[in-house]
Each structure stands twice: as structure tokens, then as C-alpha cells.
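Structure assessment
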Amino acid sequence: MGTVLWFALRESFHRRMALVLLALSLIIVGVFFWGARFETQPGGNVMVILAGRLEGRADKVIPTLLQQHLMFISGPWFILGIFAGAPLLTSFLEKGWAEMQFSKGIGRWQLFLGRYLAALALFAASMFLLVGVPALYAWIAAGVPPGRLWLAMAIVLFSFAAVLAMLAAVAMAVPNPAIPIMLGFVQTILSAVLAERQAMLYEVITAKWAQWLIDWAYRILPKTTELGGLAISYYRGGTVVWWPVWSTGAFIVAVLGLGIWGLHRKSF
Amino acid sequence: MSPPAVATQNLEKQFRSLFRGGTRALAGVSITAEPGQIFGLLGQNGAGKTTLVKILLGLVWPTSGSAKVLGHNPLEARPRRRIGYLPEQMRLPEHLKAESFLRYMGRLNGLDSRTLRQRIPALLEQVGLAGDKRKLLREYSKGMQQRIGLAQTLLNEPDLLFLDEPTEGLDPVGRKEVRDLLVRLRVQGKTIFLNSHLLSEIELVCDRCVILRKGEVAKEGTPAEFTRDTGEVRMRLARADETVQQAVASAAEVQRWENSSVYVRPRDRVQLNALIDRLRALPVEIEAIEPVRSTLEEFFIDLVKEP
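Residues numbered from 1 in each chain as written. Chains lettered and ligands numbered in written order. Predicted model: local features only at pLDDT ≥ 70, side-chain atom pairs only at ≥ 80, totals over all residues. Heavy atoms only, no water.

**A closer look at the overall build of chain B**
Across its full length, chain B holds ten helices and 14 strands. Of all intrachain contacts in chain B linking residues separated by at least 6 positions in sequence, the fraction that spans at least 24 positions is 69%. With an accessible surface of roughly 15,200 Å², chain B has 46% of that area assigned to carbon and sulfur atoms. Side-chain charges of chain B comprise 46 positive and 39 negative groups, with the mean position of each set lying 8 Å from the other. (Helix = DSSP H or I, 4+ residues; strand = E, 2+ residues; numbered from the N terminus. Contact = heavy atoms within 4.5 Å. Areas by Shrake-Rupley, 256 points an atom, 1.4 Å probe, with all protein chains shown as cover. Lys, Arg positive; Asp, Glu negative; His and termini not counted. Charge placed at Lys NZ, Arg CZ, Asp CG, Glu CD.)

Here you go:
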């Protein structure tokens, strides 16, 4: 499976998806490094200066900055991650190439999971560049430890893993990256709507059976919006409700299982 | 006693489509290929050859019947490490170079890095691509792609090879090299499943053949069983003027003339000898004389034409 993962990553660089994702991450981090400066005051307090403006004490400003980075990766960056990851989930099914790989002495599930993990690793790498590297820099330069940031990042990654699992399963039925990408968008939007279903939907949809269906859709589908909020809440030491983690975890396991079964039954 | 390299029993495959109905690709196919044989698979387009091979490789699920490859169910992954497959339509990863591609293919078959370091250069040499190993696969010509495809087939030193049109895109020298390679592999005890439209090649190298027609086994046997004496004799003469033509016509039944060669159908050996004496008496030099056998191609065309 490691071989599959490694070759899938090489492919993503060749197709420029990884290159674009990581280059954008580097540019954003570059802007952070270029704009942020730390100054130690006579009293020992480290102050943050952003774009030449004094923002305040590092132990107050840096967590806020990193929180914004977390929000960014669990929002717009998700979409880029979907764009970059989806082709990896379908390209190995291309006619003529699939036959060569699937006739080898390797289980289909290994090829499936290798590809899935490669797409996830790509997102994880870009996330580390966007959030992890600034956090480490702030720790070294300003002495503000990342604290709960690593687990908060893991929660965001977990949320992305759920969307990716759904795309991977769909790709087994429709081996064309366009459909999984569209579905990824829909899921990202739907997650926000379902999380606020009582305020947003039940005013309009009053039929009990329809509300029942929406409730079940909420329970089953990954809770990406809530997981993004949960990651930030956990990072800032707020109250954390773990239910979205368990239910999304169950979704990942079920959908990956479905994807593997679909691939196993597939004829080439 | 080792099990057959390939054995199928009443193999059926029905492709179902929601909108276009079903297509029967295979219907009750039972074949056996013994180890160390070159087994030819013939049939028109759509006869079910590729479906059969794909079932044997675990790429397609059969609708019913059973198949065993090297004594195992084709759907088991591990036994496939002893199999090599060259598909007819290859799509190579264009961003890789020959060595990286072969390394990937080898790793999928469970080969370790040390083994691959030894085998890859030797294989590239064997298929004539050693000088092109630094090129990206997208820069390869059709013939070079076929060669690299063949190299990945041989990488795991398989006991059983499925080769779908292995000489496609190769020049005559390349074709001859592939034929020689097949014969060498047979000597090593490998079983080869050969799928080719070039019937002359099948005739040259195969020990047994199966002809599929509309998903069914239409004929199975050795190429020699498919090609038979036609009763005709071909004589190549030094000249074919009117005197010679009259002499031949008076001594045997003439089928046709092709330049200075005549195809005759003598009743028996006595009549043939009389014809030879007649020609010598003229005198006309007989350059060659040989019985005419029907080719596999003729046999194949007759068979698939049958209603």
C-alpha cells in the first residue's frame, strides 16, 4: 500500500495538483513570515507586529491568528483539497491502466486505500504548511507553544477524510473526477445547512416526514461544519461536544467499506 | 502432478445493462491449458477472447461456471504474483520513466527492491530499451510502449503469461524477437496464453488453439489438426509457356496458374509422377514441388463464416 501511496503522490505532482496546492500554501505562509514580526519589550513581554502595526501581546494574538488559519483550512481550503484529491481517486481506474494494476498480485482494497491516503496526505501536508509551520515559528520566535493545536488540526483532517471517503466511494461508481468534485461541494454546503436545519429549513419545511428525513440525513452525513467549529473550540479551550466526531467516524468506516466493496465487485 | 495452468468449466459471462439489455459474452466455455504450453486464443472481434482472459485474471466476475488459474481462484490476489499480463490496450503512466514504471509494477507484485535492482536493467536490455530508459514513457513510440509492456509482464518471472496482441506495433524484426522469446519461455516451462489476430504467428508458435465463436468454443486442437492437406500440389517451373501449359493440362487437373507456378490436383502419386516425367521430357526444369496445406487462416475464416 505504501508503494501505491508514493506513486499516487508522484502522479499528483505530475498532474500539477499537488504542486499548486503546496505552492499556494507556501505563498500564504510566506506572506505570514513576511508580515509578522515579534519584539521583546523591556518587561519581557513579546509583542506581535503585523504589517508594521502593533497588534498586542504574542500569547494573546498568536492563538487568534492560528484560529483564523484553522478556520481558513476547514473552509475555502477544503474546496482546493477536493480539487486536488479527487483526480487521484479516479485516475487509477482509467481503461488500460486499471487492467495492468488490478491484474497484479495486490488486493484491490490496497490500491483503493493507497490512493485515498495519498489524497489525504496531500491535504495534510498543505495543512501543516499553512498552520503547523506558522505555529512552530511562533513557538520558536515568540515562545507561544502550539498547545492543543495539533489535535485541532487532526480534527480538521478527520473532517476532510470524511468528505474524501465519500468522494472515493462515489468514484467507484462514476470513475470521472467531475462528479466526486461536485459532490464534495454539495456536501460542504449541505453540512452547514444541516447543522442549522432547525433555523434554516424547518421554518419552510414543516412536514413531519420531511423533517424526519432531514434529521436522518444530518445523523448519517459527515458533519464537516461542526467539526471545523469543534476544532477551533477545542483549540481555544472551549466546551467540546464529541458526537460529530463519533458519527463522522462511523460514516468514514461505512463509506470506505462501501467503496472497497464497490471496487471489489467492479469489472474492468 | 501439477494442476493445469488454466482450467475452466462451463464459464458464462452475461454483461447486464439497465437500458441496453444483456450481452452474452461467454457461454459454457470449458478449456484446459497444460503447463509448458503455448495456448492460442482465436476468434473474431467480440467473440469473447478478452472477456475470457479478464475472467482468468480476476478482472471480470463470471456470471456462472468455474475457473482455476495455477490451481487457484482467479479472484485471489496472491497467486497472481505468478502471472504476467500484457493487455491489448495499454495506458502507461506518462510521467514515469521506464525504470520507475517497472519498479511500480514489480512492487505491486510483491518484489523487493534488491530483486528489482537486478531484474530491471536486464529486462530493459532484453526488450531493447536499455538506451531509452531515461526517456519519459510519453516520449515512447507505439513499438517501444509494447516492449515496455512486455518487460512488465516478465518482471516477476511468471509461470503463466497472458499476452494480448504482443506483437502489435512491432516491426518484423521485433515480431521475430517476440516469437523467439515465446519459444524460449516455453522451453523454461512457462505457460503462455496468446491472443492474436496474426494467425500465421499462432500457427508458428502455438501447441494448442481454441477458436471462440459468439462466446462458445467452436474448435479446440493443435494447429496441425486445423491445417490439412488440400490434395493440391504446387509446382514451380522454370518456364510456363503454352507448350508447358498444354503438357500439364493433359496430365493432371489444373487448379490455377500463378506466374510460373501451377497448382494441380493429381488423382494419386502415379499421376503426379507421370506429370513430372512429362515435364522433364519437354524438357522443362521443375524448380520446386510441394503439397499444399490449408492455412490456419483459411480454416479460421471457414469456421467463423459457418452460420
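**Considering the overall build of chain A**
Secondary structure summary: chain A contains twelve helices and three strands in total. Along the longest, intermediate and shortest principal axes, the C-alpha atoms of chain A span 70 × 50 × 25 Å. Taking contacts inside chain A between residues at least 6 apart in sequence as the whole, the part at least 24 apart equals 71%. The averaged location of the 10 negative side-chain charges in chain A is 8 Å from the averaged location of its 19 positive side-chain charges.

**Quick look at a negative patch on the surface**
A contiguous patch of negative charge, built from Glu203, Glu297, Glu298 and Asp302 of chain B, is present on the exposed surface. Assignment of secondary structure puts Glu298 of chain B in helix α10 (residues 296-305). (Patch = residues over 30% accessible without salt bridge, like charges linked within 9 Å, V, L, I, M, F, W, Y side chains within 5 Å. Salt bridge = Lys/Arg side-chain N within 4 Å of Asp/Glu carboxyl O.)

**Section: a nonpolar patch on the surface**
Residue and element names in this part refer to chain A. Taken together, the side chains of Phe13, Leu19, Val20, Leu24, Ile27 and Val31 make up a nonpolar region of the molecular surface, amounting to roughly 500 Å² of accessible area. Tallying contributions element by element places helix α2 (residues 17-35) first for the nonpolar patch, with five residues. Assessed through its relative accessible area of 45%, Val20 is described here as partly exposed. (Buried < 20%, exposed > 50% of the residue type's maximum accessible area, 1.4 Å probe, protein only.)

**Here we look at the side chain of Ser191 of chain A**
All names here are of chain A. Note that Ser191 resides in helix α8 (residues 178-195). The exposure class of Ser191 is buried, given its relative accessible area of 4%. In this structure Ser191 touches Pro222, Lys223, Thr224 and Thr225, once residues within four positions along its chain are discounted.

**Section: the sheet that holds strand β6 (residues 83-86) of chain B**
All names here are of chain B. Reading across from one edge, β6-β7-β8-β4-β9-β10 is the order of the six strands in this open sheet, with mixed pairing throughout. Every other strand in the sheet has two partners, leaving β6 and β10 (216-221) as the edge strands with one partner each. Each strand of the sheet is rotated relative to its neighbour by a mean of 15 degrees, with strand direction disregarded. Inspection of the sheet shows strand β7 (residues 160-164) paired to strand β8 (residues 191-195) by five bridges, in the parallel sense. Within the sheet, the bridge partner assigned to Leu160 lies in β8 and is Thr191. Helix α1 (residues 49-56) contacts β4 (38-43), β6, β7, β8 and β9 (208-213) of the sheet and is inclined by roughly 140 degrees relative to β4. (Pairing = 2+ DSSP bridges. Axes fitted to C-alpha atoms, helices over the stretch in contact; angles between N-to-C directions.)

**Brief notes about the interface of chain B and chain A**
Counting residues at the interface gives 28 residues for chain B and 26 residues for chain A. Carbon and sulfur atoms make up 59% of the area that chain B and chain A hide from each other, which totals about 2,700 Å². Taken together, the connections running from chain B to chain A amount to two salt bridges. Linking Glu94 of chain A and Arg91 of chain B is a salt bridge whose minimum nitrogen-to-oxygen distance equals 2.8 Å. Scanning the region where chain B abuts chain A turns up 13 residue pairs in polar contact (both at pLDDT 80 or more). (Buried area = accessible area lost by both parts, 1.4 Å probe. Polar contact = N/O pair within 3.5 Å; in protein donor to acceptor, adjacent residues only side chain to side chain.)

**Re the pattern of salt bridges**
A complete count under the given rule lists 25 salt bridges over all chains for this structure. For the salt bridge of Arg37 of chain A with Glu39 of chain A, the shortest nitrogen-to-oxygen distance reads 3.5 Å. Judged by relative accessible area, Arg37 of chain A falls into the partly exposed class, the value being 44%. You can call Glu39 of chain A partly exposed: its relative accessible area is 40%. The partner of Glu99 of chain A in a salt bridge is Lys54 of chain B, with the nearest N and O atoms 3.3 Å apart. Pair noted here: Glu99 of chain A is in helix α5 (residues 98-102) and Lys54 of chain B is in helix α1, and the two residues belong to different chains. Judged by its relative accessible area of 4%, Glu99 of chain A falls in the buried class. One continuous salt-bridge network, built from bridges that share partners, spans Glu11, Arg15, Glu94 and Arg115 of chain A together with Arg91 of chain B.

**Thoughts on the nonpolar core**
Counting 163 residues, the largest nonpolar core has Tyr116 of chain A together with Phe101, Ile148, Phe162 and Phe193 of chain B as the members making the most contacts within it. Residues in contact with Tyr116 of chain A, not counting those within four places in the same chain, are Leu89, Ala161, Leu164, Ala165, Ala168, Ile252 and Leu256 of chain A. In terms of nonpolar packing, the next biggest core, distinct from the first, is built from 14 residues, Val233, Val262, Leu272 and Leu279 of chain B among them. (Core = buried A, V, L, I, M, F, W, Y, C linked by side-chain atoms within 4.5 Å.)

**Remarks on the environment of Val29 of chain B**
Residues and elements named next belong to chain B. Locating Val29 in the fold gives a position in strand β2 (residues 21-29). Of the residues examined, Val29 reaches a relative accessible area of 0% and is grouped as buried. Distance in space between the C-alpha atoms of Val29 and Ser66 is 9.6 Å, their sequence separation being 37 residues. Here Val29 is in contact with Thr8, Gln9, Asn10, Leu11, Leu52, Leu212, Gly215 and Val217, once residues within four sequence places are set aside.

**A short note on unusual backbone geometry**
One can expect most non-glycine residues to show negative phi and most peptide bonds to be in trans. Cis peptide bonds are those with omega within 30 degrees of zero, and the linkage from Leu282 of chain B to Pro283 of chain B qualifies with 0 degrees. Mapped onto the fold, Pro283 of chain B is located in the loop between α9 (269-281) and β14 (286-293). Phi is positive for Arg16 of chain A, which is not a glycine, with a value near 70 degrees. Tracing the backbone shows Arg16 of chain A in the loop between α1 (2-14) and α2.

**What about the sheet that holds strand β11 (residues 229-237) of chain B?**
Residue and element names in this part refer to chain B. The four strands lie next to each other as β12-β13-β11-β14, forming an open sheet whose pairing is antiparallel. Of all the strands in the sheet, just β12 (253-258) and β14 have a single pairing partner and so form its edges. Strand-to-strand twist of the sheet, defined as the mean angle between neighbouring strand axes without regard to direction, takes the value 25 degrees. In the packing of helix α8 (residues 242-251) onto the sheet, the strands contacted are β11, β12 and β13 (261-265), and the crossing angle to β12 comes to about 150 degrees. The strands touched by α9 are β11, β13 and β14; relative to β11, the strand with the most contacts, the crossing angle is about 10 degrees.

**Examining α1 of chain B**
Residues and elements named next belong to chain B. The buried fraction of α1 amounts to seven of the eight residues, a majority that puts the element mostly inside the structure. All of the buried residues in α1 are Lys49, Thr51, Leu52, Val53, Lys54, Ile55 and Leu56. Trailing α1 by a residue or two, Gly58 shows a phi angle of about 75 degrees, which is positive.

**Side note on α9 of chain B**
All names here are of chain B. Between its first and last C-alpha atoms α9 spans 18 Å; for 13 residues at 1.5 Å apiece the expected length is 18 Å, and the two agree. Regarding α9, the residues found buried are Gln271, Leu272, Leu275, Ile276 and Leu279. With its buried residues spanning 145 degrees around the axis, α9 presents them on a single face. The exposed residues of α9 that point more than 90 degrees off its buried face are Val270, Arg280 and Ala281. Where α9 is buried, its residues touch β11, α8, β13 and β14. The N-capping residue of α9, defined by a side-chain oxygen 3.3 Å from the backbone nitrogen of Val270, is Asp268. (Expected span 1.5 Å × (residues − 1). Arc of directions from axis to C-beta.)

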